[in-house]
Amino acid sequence: MIAKPLFIDNLILCDTFKEIQGDFVECGVWRGGMSGATAEVMGKNRTYYLFDSFEGLPAVKEVDGPAAKIWQDNKSSAYYHDNCTAEIGYAEMAMKKSGVTYQLIKGWFSDTLPSFSLTNKIAILRLDGDWYDSTMDCLVNLYPLVAENGLIIIDDYYAWDGCTRAVHDYLSKNDLPVRIYQTKNGVCYIIKTSNGRQL
Ligand SMILES: C[S@@+](CC[C@H](N)C(=O)[O-])C[C@H]1O[C@@H](n2cnc3c(N)ncnc32)[C@H](O)[C@@H]1O
């Protein structure tokens, strides 16, 4: 689903941060293409936790903006992908190919994330849930679990109003001075540092 330059930038980012100890979490997996490729780059020395409803995106709300509503209403568009619904078997197949240890966690983020606990910290958190509530659920439940100097990739920051708003609201409500960066081709990311400054 992701454009090739962005796909490559994601992998370069993960390669740059792969020395950070901890697990990988992706929220919004779809067919598992990005997760499988990331696992190839980040290696077998960690666990990959992959969250998705595998039933597509929730209904757009006003906070997600007019473009999101138009996208979800336009069911015949080539970019609709059945509202991003994916049979879980695709992600299973992608992860099996990578040979890493992984868990696919099926369900809505609001149901699956609050009870999620980890022994390790999260080295890389990849958020790809598109909408405001989806992004906010992930940040509320997972940002505290990210390692110091860990990476958070926010796939939809430049794409959808709701995601942008959720990031700003979360950082602001929690008084976090972290910077918002972007790669050469426009992948948004933040680095979790307690003083807000880059490494
Ligand atoms: C754009 S797709 C992810 C694309 C995937 N990361 C890739 O690179 O191929 C968005 C995914 O987020 C999932 N999703 C969005 N909001 C969700 C929520 N609140 N709970 C569970 N899954 C959600 C959808 O089911 C969909 O598979």
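Up top you'll find the structure we're talking about.
Parameters at a glance
Residues numbered from 1 in each chain as written. Predicted model: local features only at pLDDT ≥ 70, side-chain atom pairs only at ≥ 80, totals over all residues. Heavy atoms only, no water. Core = buried A, V, L, I, M, F, W, Y, C linked by side-chain atoms within 4.5 Å. Buried < 20%, exposed > 50% of the residue type's maximum accessible area, 1.4 Å probe, protein only. Helix = DSSP H or I, 4+ residues; strand = E, 2+ residues; numbered from the N terminus. Contact = heavy atoms within 4.5 Å. Near = heavy atom within 4 Å. Polar contact = N/O pair within 3.5 Å; in protein donor to acceptor, adjacent residues only side chain to side chain. Areas by Shrake-Rupley, 256 points an atom, 1.4 Å probe, with all protein chains shown as cover. Nonpolar A, V, L, I, M, F, W, Y, C, P; charged D, E, K, R; others polar. Axes fitted to C-alpha atoms, helices over the stretch in contact; angles between N-to-C directions. Left-handed = near helix turned anticlockwise from the far one by under 90°. Right-handed = clockwise from strand over helix to strand, strands pointing away. Pairing = 2+ DSSP bridges.

Chemist: Would you take a moment to explain the nonpolar core for this structure?
Modeler: One recurring pattern in soluble globular proteins: nonpolar side chains tend to sit buried together. Membership of the largest hydrophobic core comes to 29 residues, with the highest contact counts inside it found for Val-25, Cys-27, Phe-51, Leu-125, Leu-142, Ile-152 and Ile-154. Elements that contribute at least two residues to this core include exactly strand E1 (23–27), strand E2 (47–52), strand E4 (122–127), helix H7 (132–142), strand E5 (146–154), helix H8 (161–173) and strand E7 (188–191). Residues in contact with Val-25, not counting those within four places in the same chain, are Tyr-49, Phe-51, Phe-116, Ile-122, Ile-124, Leu-125, Arg-126 and Leu-142. Counting residues in hydrophobic clusters, the runner-up holds 25 residues, among them Cys-14, Val-29, Ala-91 and Leu-151.

Chemist: Help me understand unusual backbone geometry, please; the structure alone is not making it clear to me.
Modeler: In terms of backbone geometry, most residues other than glycine have negative phi values and most peptide bonds are trans. Even without glycine at this site, Phe-54 takes up a positive phi of about 55 degrees. Considering the arrangement of structural elements, one finds Phe-54 in the loop between E2 and helix H3 (66–73). Phi at His-81 is positive, roughly 50 degrees, even though this residue is not glycine. Looking at the secondary structure, you find His-81 in helix H4 (residues 81–84).

Chemist: I would appreciate a short explanation of the site of the ligand in the present structure.
Modeler: Near the ligand there are 20 residues, and of these Gly-28, Asp-52, Phe-109, Asp-128 and Ser-134 occur at the shortest range. Between the ligand and Phe-109 there is a distance of 3.0 Å, counted from a nitrogen atom to a backbone nitrogen or oxygen. Note that a nitrogen atom of the ligand is positioned 2.7 Å from one of the side-chain N or O atoms of Asp-128. The protein chains hide 96% of the 600 Å² of surface that the ligand would expose on its own. For the shell around the ligand, the residue count by class is nine nonpolar, six polar and five charged.

Chemist: I keep staring at the packing of H7 against H8 and nothing clicks. Help me out?
Modeler: Following both chains from N to C, one finds H7 and H8 inclined at 30 degrees, their axes separated by 8 Å at the closest point. Every pair of crossing elements has a handedness; the one defined by H7 and H8 is right-handed. Contacts between H7 and H8 involve Tyr-132, Thr-135, Met-136, Leu-139 and Val-140 on the former and, on the latter, Gly-162, Cys-163, Arg-165, Ala-166, Val-167, Asp-169, Tyr-170 and Lys-173. When the residues that make up the contact of H7 with H8 are grouped by side-chain class, the tally is eight nonpolar, two polar and three charged.

Chemist: Can you help me understand the pairing of E2 in this one?
Modeler: Of all six residues that make up E2, six are buried, and the element is covered over most of its length. Residues Thr-47, Tyr-49 and Phe-51 of E2 are buried on one face, and the alternating residues Tyr-48, Leu-50 and Asp-52, pointing to the opposite face, are buried as well. Handedness of the crossover joining E1 and E2 through helix H2 (residues 33–42): right-handed. Of the pairings in the sheet, the one linking E2 to strand E3 (residues 101–106) comprises six bridges and is parallel in character.

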